[in-house]
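One letter stands for each residue in the lines below.
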Amino acid sequence: MSRTLCAIGFDADDTLWHNERFFTLTQDHFAGLLADHTDKDTLMARLLAAERRNLPHYGFGIKGFTLSMIETAIEVTDGKVPASVIGEILATGRDMLSHEVELLPHAREVLETLKGQYTLILITKGDLLHQESKIAESGLSAHFDAVEIVSRKSKVEYANIFARHGDGVDAGLMVGNSMASDVVPMI
């Protein structure tokens, strides 16, 4: 039995505003800082391994990413990373946290068109403080009937959110850029 669509969830980072490009720029800078110790591909593989290892401890977000960069720098230099490099990594993390929110083209217009026709829910994951500040800076919060900042996007999480703010997942739709966290768990 098919139900009428009543609620639409929107991811935030890289769906409503730019985000991933700041990680890419930071990774390039990080590779430059450690170019004397390893090549970029090896460094990125080690960084990814550190991020995955640290995910249960730090969660998603820039703070965990920054700590993983520091850990990786210590590893690839056999504990001899200069304090100046650690300082530069920390400064880069602060820069990432303070970058201006830049909306993706037509994000505002899409929300304005849908507002009032559907229950609109912003569903994002990551560091609570940082996500709250990006939502506020985006100027989009008034378009949403609910905002949910979660530590993990899962089938159960979506079921709970769409039950609270709609008629369940069968009457909901999720809009996002990640197959793994926005599309598959919702299906």
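Everything that follows concerns the structure shown earlier in this document.
The text that follows walks through the structure, step by step, so that each part is easy to find. (Residues numbered from 1 in each chain as written. Predicted model: local features only at pLDDT ≥ 70, side-chain atom pairs only at ≥ 80, totals over all residues. Heavy atoms only, no water.)

### Quick word on the sheet that holds strand β3 (residues 146-150)
In spatial order, the strands read β3-β2-β1-β4; together these 4 strands make up an open sheet with parallel pairing. Whereas interior strands pair on both sides, the edge strands pair on one side only; in this sheet they are β3 and β4 (172-175). Averaged over all pairs of adjacent strands, the angle between strand axes in this sheet comes to 20 degrees, irrespective of strand direction. Pairing geometry for strand β1 (residues 7-10) and β4, over 4 bridges, is parallel. Across the sheet, residue Phe 10 finds its bridge partner in β4, namely Val 175. Of the strands in this sheet, β1 and β2 (119-125) are in contact with helix α5 (residues 107-114), which crosses β1 at around 165 degrees. Against the sheet, helix α6 (residues 128-138) contacts β2 and β3, and its axis sits at roughly 150 degrees relative to β3. (Pairing = 2+ DSSP bridges. Helix = DSSP H or I, 4+ residues; strand = E, 2+ residues; numbered from the N terminus. Axes fitted to C-alpha atoms, helices over the stretch in contact; angles between N-to-C directions. Contact = heavy atoms within 4.5 Å.)

### Brief notes about the environment of Ala 49
Among the secondary structure elements, Ala 49 is positioned in helix α2 (residues 40-58). C-alpha of Ala 49 to C-alpha of Asp 145: the two residues are 96 residues apart in sequence and 37 Å apart in space.

### Quick notes on helix α3 (residues 62-76)
In an α-helix, one turn spans 3.6 residues, which is why side chains three or four residues apart end up on the same side. The end-to-end C-alpha distance of α3, which contains 15 residues, comes to 21 Å, matching closely the 21 Å that a straight helix rising 1.5 Å per residue would cover. Of all the residues in α3, the buried ones are Ile 62, Gly 64, Phe 65, Thr 66, Ser 68, Met 69, Ile 70, Thr 72, Ala 73 and Val 76. Along its buried surface, α3 packs onto α1 (20-33), α2, α4 (83-98) and α6. Two residues or fewer after α3 comes Asp 78, characterised by a positive phi angle close to 55 degrees. (Expected span 1.5 Å × (residues − 1). Buried < 20%, exposed > 50% of the residue type's maximum accessible area, 1.4 Å probe, protein only.)

Spatial relationships are all this shows, so hold off on functional conclusions.
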